[in-house]
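Structure at a glance
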Amino acid sequence: MKQPGAPLLEMRNISKDFFGNQVLADVNFTLSSGEILGLVGENGAGKTTLMKILFGMDIIHQTGGYGGEIFLHGKAVRYQSSFEALADGIGMVHQEFSLLPDFSAAENILLNREPKKSSPVSEVFGDRMDTIDRKSMQQKARTAIKKLGVELDPAMLVGQMPVGHKQFTEIAREISKDHIKLLVLDEPTAVLTEREADILLSAMRKLAEEGIAIIFISHRLQEVIDVCDTVLVMRDGRIIKDVPAAGLTIPQIARWMVGREVGEHPGRRAFNPEAQPVILSMKNLWVDMPGETVRDVTLDVHQGEILGVGGLAGQGKLGIPNGAMGLFPAGGTITFKGNAIPLNQPRRFLDAGMAFVSEDRRGVGLLLDESLDWNISFTAMQVQERFLKKYLKGAIKWRDEKQIQAIAKKYIDALEIRCTSFRQKAKELSGGNQQKVCLAKAFAVEPGLLFVSEPTRGIDIGAKGLVLQALRDYNSKSGTTIVMVSSELEELRAICDRIAIVADGRISGILPSDAESADFGLLMVGKQPDGSTEGGQG
Amino acid sequence: MIRVRQLIKSFGWPRIIIALFLLSLFIIAPMVGVKVSSSLSDTIARFGMNGIMVLAMVPMVHSGCGLNFGLPLGIIAGLLGGTLSIQFGFLGGSSFIMAVLLTTPFAVLFGFGYGKLLNKVKGGEMMIATYVGFSSVAFMCMMWLLLPYTSPTMVWGYTGSGLRTTISTEGFYLHVLNDFLKVQIGENFSFPTGMMLFFALMAFIVWAFLHTKTGTAMTAVGSNPVFARASGINIDRTRTLSVIMSTWLGAIGILVYQQSFGFIQLYMGPFYMALPAVSAILIGGASVNKATITNVVVGTFLFQGILTMTPSVMNSLIHTDMSEVIRIVVSNGMILYALTRKSEATR
Amino acid sequence: MNVLKETRGEKFFRVLEKNAVPILFLAICAIGIPFSGYSLNYLGQEVITRISRNSFLIIALLVPIMAGMGLNFGMTLGAMAGQIGLIFITDWGIGGIPGMVLAMILSTPISAFLGWMCGKILNMAKGREMVTSYIIGFFINGLYQLIVLYGMGAVIPIKSPALILPRGYGIRNTVNLISLRKSLDNIWAIKVFGLSVPVMTLIVIALLCVFIVWFRKTKLGQDMRAVGQDMEVARAAGIKVEHTRIVSIVISTILAGYGMILYLQNIGTLNTYNSHMQIGMFSIAALLVGGATVNRAGIGNVFLGVTLFHLMFIVSPMAGKNLIGQAQLGEYFRVFVSYGVITIALVLYEVRKRRDKARVGRLLAQDQTDVKEVK
């Protein structure tokens, strides 16, 4: 459906780094009116950053801007805020709803663009005293909904709508804007049922026919193939493929998404996890963690192994350790060393001799306002009564500052945590060093099994290597079993023995870490590889 | 220069201004004929009277329950203990000890219920604490009328029932702490050793508690509740414990206050007692979620110093008693400052 | 799947709980009225008086609730501004309707300034607006005392010896507003069934209600409702969140100032240092008694609240006296109830806020089990 003349949108040589960490390099593509562009890639491939650049989000300016140029209708643009982008007819529907629950669909669609009637009062006190013209508001909302081709009652309160209708309301809001030309949809079908998703896809086609260009970001590859004209595959901040969608297959795209050339792979160590006894067994685990719902996970972890858990964002991999620990409501059974561990009670999880390093360092992992020695010793002190001096037959349990400082110093040295002293506050450290403090806290309880969630998220490359090395060393020295959850497949493949992939809240397969990368790609999108590398339970 | 600036920053401008103001009052005092020795003596006495009620802020701040605007609830427990001790006919020093003992079960009970309530309203503690304090004071107004007290020193003479609005502690525990090992220097200066020792004891107990395992857990709950939960701490139980401690300290605080002041003030007496204590600890450098014993000592001294000095100095200086206005502006201004600070608005 | 399964009993309790406060007050009044021994005629007259006296002040609370800023405990600011206006017109000897109007005009810039300041401060304390506005009330009261007790007569020219304290400056504790007393009420007072009805005052209140209804329909009102639901969403849509919040407080403060003038013209005397301190608490309690919550209140809540709250207020001393023999007890009872109702409303608001979150969680959990059952 490409049209002659200057393309609607052209991105030329876009690059971006966050403090020396290159996240986008040499991104080039064009988009014509009425074209649907599928943007796919693993998490961290750079899709979100690219869209943030397009919209001129604050975070981009605050971190030193970007390189390259963006052209709209052949004219160079550089937006300073998303409002400027909106004024030029570019709209975006985010993954999280940006709706007001007590307003009707019409009120949400026309939020801050309500049709108004002026009155004598507003002549004097300014146009904010205009009354709102409800009739024409309903009318405009109806038009937008009609353009979208879905069924939606403009008078219905958003709070009472099913999820799909909320999504339609969001999209209707964007297309109700007068000269909308380009619409970015970020994972719009992730929350929808299959039927709702179908309606949305046909709505997208309808919009494209009317000349609106769409950038469709999705992990559901079949939908991408079905609805898009062109598919753009991103990996490691670069565009790997820019091809017409017609004739593409899921395995092809999946391979492009994850497929690094194997070569640099450090190789699997000589260790056969399946020969070891099962140390932890999860059966039918479900976890209500917002955005990372786990539906039904059954998984065995073997003594002494490093088990990787991978998968795309929002598929539920993060929910597994969080649910097992009891930080989010969960159900199912967990057996550790033969004992059933009750869910929803973090204390019992810790008492059993397991530990968890959360992906949310600042929110869950650290006492930001307290010193490092507190951070490192706290869990061990509270759960195992270590680092305490006892008086009066244990009636008084006094904090033993000497021991606390000793353990802090030990781990500061062992993990090379860069800090002025153990008295420094946790919030003053860099991300990588904060992560090491979290690891130290977990190591200090000397766990039999350690869950580590996204250990390298948001830290620079040098620190990444150190953190991974620390994990591997800890595993080989103390024999601690490690379950590592990460969005970065390469990182999992670097240190794990086996890798389980989660898709749609379930384990879609377990592979040895040196299996074909394309097979991992297929598992991530919920398809079984048809090759011979299948391993573990499906 | 940079170090000086950092020092100022860590101390906070409001505190420096208040400290300088107090200092200037002490300097001006002799010039306008106010005796510094007696002023200092007054300040110290008032410090001892109010110190423990300020201390009652600390446990709740540590556990993240915010400033204890519900202090009147603790005060009511203290009032019950004090009046019961008199009712049972204890005299002198033993009446104070009995008052403390009788107060304790009430304080624990009230604190427990209050703590449970605050656990249900996490995030909105301060406003609700204020109104819990107010409602309990109003409720007790009815109770003071109805409870079957009979001691003739306490009930209204003409009806023989219902407690009086103020009851003298003379003959009971008046000055039992103040006069213990009291040091008199010259005519105008006396140091209430017993009361100061008692304050020191309470401060030590709180300090020591914060160094135990449970105390450490309490600080962690206030600092980051999710972290604490992920370390196996029962957040609600820890918070309830902190509220019980705060309530008990408030109760003991009012007993110490009464023994020095000489009167038990019932009915609407405890109504506005939370605000001075809250602003004192804030003046001492505490924030909505961080407080130390040092904050208590510094804050109580500065706040009570201003309260003592302004009326006498101002009166002699401009022949107008503006102390009430200054008290209102300073104490509430301090609370506003604490409530609006960015770093604390994150919670 | 989107509807939470709820037994009939659960639903009954949810509805009951939603209206718990008005129902409780109906019960208190139903018990109290017969015991007080007051005639219905007397009570009717009292209720009419209270409605005409207090409604305006209570309506002033509605705007910040709309903007999601909770109960505006800072309405005392407006009350102080109104009182300053009244002091001036009393000094200048302007009574009657012209005096009232002039007092309102004088109060407006003061209210607007105080409201603007209050709004600014509240924007710095998002999420704890109520406790902050409550403390602002105390803080400004200190400044009010500074001006009225020390400034007036000394720096600000006040001549009337009836106003100034004997020492030569500062306003007396009570100011007689005799020239103003009931000047609005008496313009058009009619007798209905032996009850005197201040029609003109009621018309003014009705006009205010019309204003509120109209205001909800304006762009500004819509913006306030949006800001009240979710500041971030409103901001993303380009609404000036901070400005909108400040405007809501300014409007509320100005209205509170007018309300205070209306209130005092009915009473006839100004308690210079006390009147404003209690009015905030009474107005908020009355609104809550009418079934309003921290984030939702309407005109209906105002009138139901005034009626029920003041009925309770009137009957409890006599009921206390007749029941237990002590009028004092009834007086403490009504104070207790006033504070108690605010406490309950605040607690219910916080509990509901948390339960609504948990409801989403329960929905998801139910979803999970549903999926399991299907399998």
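Residues numbered from 1 in each chain as written. Chains lettered and ligands numbered in written order. Predicted model: local features only at pLDDT ≥ 70, side-chain atom pairs only at ≥ 80, totals over all residues. Heavy atoms only, no water.

**Brief notes about the overall build of chain A**
From N to C terminus, chain A includes 19 helices and 24 strands. Here the C-alpha atoms of chain A give a radius of gyration of 26 Å, agreeing with the 24 Å that 2.2 N^0.38 yields for 538 residues. Here the C-alpha coordinates of chain A stretch approximately 80 × 60 × 45 Å along the principal axes. Taking all 538 residues of chain A together, 57% fall into the buried category. Across chain A, the fraction of contacts at a sequence separation of at least 24, relative to all contacts at a separation of at least 6, is 67%. When the accessible surface of chain A is totalled, it reaches about 21900 Å², and 50% of it is carbon and sulfur. Taking the average place of the 63 positive charges on the side chains of chain A and the average place of its 68 negative ones, the gap between the two points comes to 5 Å. (Helix = DSSP H or I, 4+ residues; strand = E, 2+ residues; numbered from the N terminus. Rg over C-alpha atoms; globule rule 2.2 N^0.38 Å. Buried < 20%, exposed > 50% of the residue type's maximum accessible area, 1.4 Å probe, protein only. Contact = heavy atoms within 4.5 Å. Areas by Shrake-Rupley, 256 points an atom, 1.4 Å probe, with all protein chains shown as cover. Lys, Arg positive; Asp, Glu negative; His and termini not counted. Charge placed at Lys NZ, Arg CZ, Asp CG, Glu CD.)

**Looking at the overall build of chain B**
Of the regular secondary structure elements, chain B holds 14 helices and four strands. Its C-alpha atoms give chain B a radius of gyration of 20 Å, within 12% of the compact-globule value 20 Å for 347 residues. Across chain B, the fraction of contacts at a sequence separation of at least 24, relative to all contacts at a separation of at least 6, is 76%. A total of about 13200 Å² of accessible surface is found on chain B, and carbon and sulfur atoms cover 69% of it.

**Things to note about the nonpolar core**
Of all hydrophobic cores here, the largest spans 217 residues; its most connected members are Phe69, Tyr131 and Ile281 of chain B together with Leu71, Ile171, Leu287 and Ile342 of chain C. By residue number, the principal contributor to this core is helix 7 (residues 125-146) of chain B, which donates 14 residues. Excluding its chain neighbours within four sequence positions, the residues that come into contact with Phe69 of chain B are Met126, Ala129, Thr130, Ala274, Leu275, Val278 and Ile335 of chain B together with Val131 and Ile135 of chain C. Ranked by size, the runner-up nonpolar core spans 106 residues in total, among them Ala144, Leu185, Ala380 and Ile459 of chain A. (Core = buried A, V, L, I, M, F, W, Y, C linked by side-chain atoms within 4.5 Å.)

**Quick word on the interface of chain B and chain C**
Between chain B and chain C, the residue contacts involve 44 residues of the former and 37 residues of the latter. Counting the surface chain B buries against chain C, the share from its top three residues, Met127, Tyr131 and Leu336 of chain B, is 18%. Here chain B and chain C share zero salt bridges between them. The interface formed by chain B and chain C holds three residue pairs in polar contact (both at pLDDT 80 or more) in total. Broken down by element, the residue count for the side of chain B that touches chain C peaks at 14 residues, all from helix 7 of chain B. Within the side of chain B that touches chain C, the residues separate by chemical class into 30 nonpolar, nine polar and five charged. (Buried area = accessible area lost by both parts, 1.4 Å probe. Salt bridge = Lys/Arg side-chain N within 4 Å of Asp/Glu carboxyl O. Polar contact = N/O pair within 3.5 Å; in protein donor to acceptor, adjacent residues only side chain to side chain. Nonpolar A, V, L, I, M, F, W, Y, C, P; charged D, E, K, R; others polar.)

**Some words on the environment of Ile156 of chain C**
Mapped onto the elements, Ile156 of chain C comes out in the loop between helix 7 (129-151) and strand 1 (174-176). Ile156 of chain C gets classed as partly exposed once you look at its relative accessible area, which sits at 24%.

**Considerations on the interface of chain A and chain B**
Taken together, the contact between chain A and chain B spans 30 residues of the former and 20 residues of the latter. Summed over both sides, the interface of chain A with chain B buries roughly 2100 Å², with 61% coming from carbon and sulfur. Inspection of the chain A/chain B interface yields two salt bridges. Between Glu385 of chain A and Lys213 of chain B there is a salt bridge, and its shortest N-O distance comes to 2.7 Å. Where the side of chain A that touches chain B is concerned, the elements lending two or more residues are helix 12 (346-351), helix 13 (361-365), helix 14 (372-384) and strand 20 (396-399) of chain A. At seven residues, the largest contribution of residues to the side of chain A that touches chain B is made by helix 14 of chain A.

**Description of the sheet that holds strand 5 (residues 75-77) of chain A**
All names here are of chain A. The four strands lie next to each other as 2-1-4-5, forming an open sheet whose pairing is antiparallel. The strands lining the two open edges of the sheet, one partner per strand, are strand 2 (21-31) and strand 5. Within this sheet the neighbouring strands show an average axis-to-axis angle of 30°, counted without direction. Taken together, the seven bridges between strand 1 (residues 9-18) and strand 2 define a ladder with antiparallel strand orientation. Bridge assignment links Asp17 to a residue of strand 2, and that residue is Gln22. Together, strand 1, strand 2 and strand 4 (67-72) form the strand contacts of helix 1 (residues 47-55), whose direction differs from that of strand 1 by roughly 115°. (Pairing = 2+ DSSP bridges. Axes fitted to C-alpha atoms, helices over the stretch in contact; angles between N-to-C directions.)

**A look at the packing of aromatic side chains**
Here the structure, examined in full by the defined rule, presents 35 aromatic pairs over all chains. A centroid spacing of 5.7 Å and a plane angle of 85° characterise the contact between Tyr272 of chain B and Phe138 of chain C, whose relative ring orientation is edge-to-face. In this pair, Tyr272 of chain B sits in the loop between strand 4 (263-265) and helix 12 (274-283) while Phe138 of chain C sits in helix 7, so the two residues belong to two different chains. Under the relative-accessibility criterion, Tyr272 of chain B is labelled partly exposed at 43%. Put simply, the rings of Tyr131, Phe134, Phe271 and Tyr272 of chain B together with Phe73, Tyr134, Phe138 and Tyr339 of chain C pair up and form one aromatic cluster. Here the basic side chain of Arg78 of chain A rests over the ring of Tyr66 of chain A, its NZ or CZ set 4.3 Å away from the ring centre. (Phe/Tyr/Trp six-rings, centres within 6.5 Å; stacked < 30°, edge-to-face > 60°. Lys NZ or Arg CZ within 6 Å of the ring centre and 35° of its normal.)

**Thoughts on the domain arrangement of chain A**
Note on interface size: it is often stated as the accessible area lost on association of the parts. All names here are of chain A. Its domain assignment divides chain A into domain 1 (9-258), domain 2 (262-353 + 448-538) and domain 3 (361-446). Spacing between the C-alpha centres of domain 1 and domain 2 amounts to 34 Å. At the junction of the two partners, domain 1 supplies eleven residues and domain 2 supplies 14 residues. Summed over both sides, the interface between domain 1 and domain 2 buries roughly 1100 Å², with carbon and sulfur atoms accounting for 69% of that surface. When residues of domain 1 are sorted by the area they lose upon contact with domain 2, Asn43, His219 and Val258 head the list and together hold 45% of the total. Taken together, domain 1 and domain 2 are joined by zero salt bridges. Where domain 1 meets domain 2, there are zero residue pairs in polar contact (both at pLDDT 80 or more). (Domains from an automatic or database assignment.)

**What to know about helix 13 (residues 293-318) of chain B**
Its 26 residues place the ends of helix 13 of chain B 36 Å apart at the C-alpha level, agreeing with the 38 Å of an ideal helix rising 1.5 Å per residue. Taken as a whole, helix 13 of chain B carries its principal kink of about 35° at Thr310 of chain B; the proline Pro311 of chain B stands between one and four residues after it. (Expected span 1.5 Å × (residues − 1). Bend = angle between axes of the 7 residues up to and from the residue.)

**As for the pattern of salt bridges**
If the charged atoms of two oppositely charged side chains come close together, the side chains can form a pair. Residue and element names in this part refer to chain A. Evaluation of the coordinates by the stated rule reveals 33 salt bridges over all chains. Across the pair Glu210 and Lys206 runs a salt bridge, and its minimum N-O distance is 3.9 Å. Accessibility expressed as a relative area gives 45% for Glu210, which makes it partly exposed. Linking Lys390 and Glu385 is a salt bridge whose minimum nitrogen-to-oxygen distance equals 3.2 Å. Residue Lys390 is classed as partly exposed on the basis of its relative accessible area, which comes to 46%.

**Regarding the pairing of strand 1 of chain A**
All names here are of chain A. Where strand 1 and strand 4 come together, five bridges link them in antiparallel fashion. If you follow Leu9 over to strand 4, its bridge partner there is Leu72. Linking strand 1 to strand 2, which pair antiparallel, is a turn of two residues; within it Phe19 sits at a positive phi near 50°.

**A look at the packing of helix 2 (residues 20-36) of chain C against helix 13 (residues 299-324) of chain C**
Residue and element names in this part refer to chain C. Two numbers describe how helix 2 lies on helix 13: the axes approach to 8 Å, and their chain directions differ by 40°. Between helix 2 and helix 13, the angle falls in the class oblique. Between helix 2 and helix 13 the crossing geometry is left-handed. Contacts between helix 2 and helix 13 involve Pro22, Phe25, Leu26, Ile28, Cys29, Gly32, Ile33, Phe35 and Ser36 on the former and, on the latter, Leu304, Leu308, Phe309, Leu311, Met312, Val315, Met318, Ala319, Asn322 and Leu323. When the residues that make up the contact of helix 2 with helix 13 are grouped by side-chain class, the tally is 16 nonpolar, three polar and no charged. (Parallel < 35°, antiparallel > 145°, perpendicular 65-115°, else oblique. Left-handed = near helix turned anticlockwise from the far one by under 90°.)

**Looking at the packing of helix 8 (residues 193-209) of chain B against helix 13 of chain B**
Residues and elements named next belong to chain B. Put simply, helix 8 and helix 13 touch, their axes get as near as 10 Å, and they point 150° apart. With respect to helix 13, the axis of helix 8 lies roughly antiparallel. In this structure, helix 8 contributes Phe199, Ala203, Val206 and Trp207 to the contact, and helix 13 contributes Ile293, Val296 and Val297. Split by residue class, the contact of helix 8 with helix 13 holds seven nonpolar, no polar and no charged.

**Examining the environment of Ser218 of chain A**
Residues and elements named next belong to chain A. Relative to the helices and strands, Ser218 is located in the loop between strand 10 (213-217) and helix 9 (221-227). Residues Ser218 and Lys427, spaced 209 residues apart in sequence, show a C-alpha to C-alpha distance of 35 Å. Not counting residues within four places of it along the chain, the set of residues in contact with Ser218 comprises Leu39, Val40, Glu187, Thr189, Glu223 and Val224. Polar side-chain contacts of Ser218 include one of 2.9 Å to the backbone nitrogen of Arg220.

**Quick look at the sheet that holds strand 10 of chain A**
Residue and element names in this part refer to chain A. One open sheet accounts for six strands, arranged 6-9-10-3-11-12; its pairing is mixed. Among the strands making up the open sheet, the edge pair consists of strand 6 (90-93) and strand 12 (238-244). Between one strand axis and the next, the sheet turns through 20° on average, direction left out of account. The pairing of strand 3 (residues 36-41) with strand 10 spans four bridges and is classified as parallel. When the bridges of strand 10 are listed, Leu37 appears paired with Ile215. Across the sheet, helix 7 (residues 163-175) touches strand 6 and strand 9 (182-186), and the angle it forms with strand 6 is around 170°. Strands strand 3, strand 9 and strand 10 of the sheet are contacted by helix 8 (residues 194-209), whose axis makes an angle of about 150° with strand 10.

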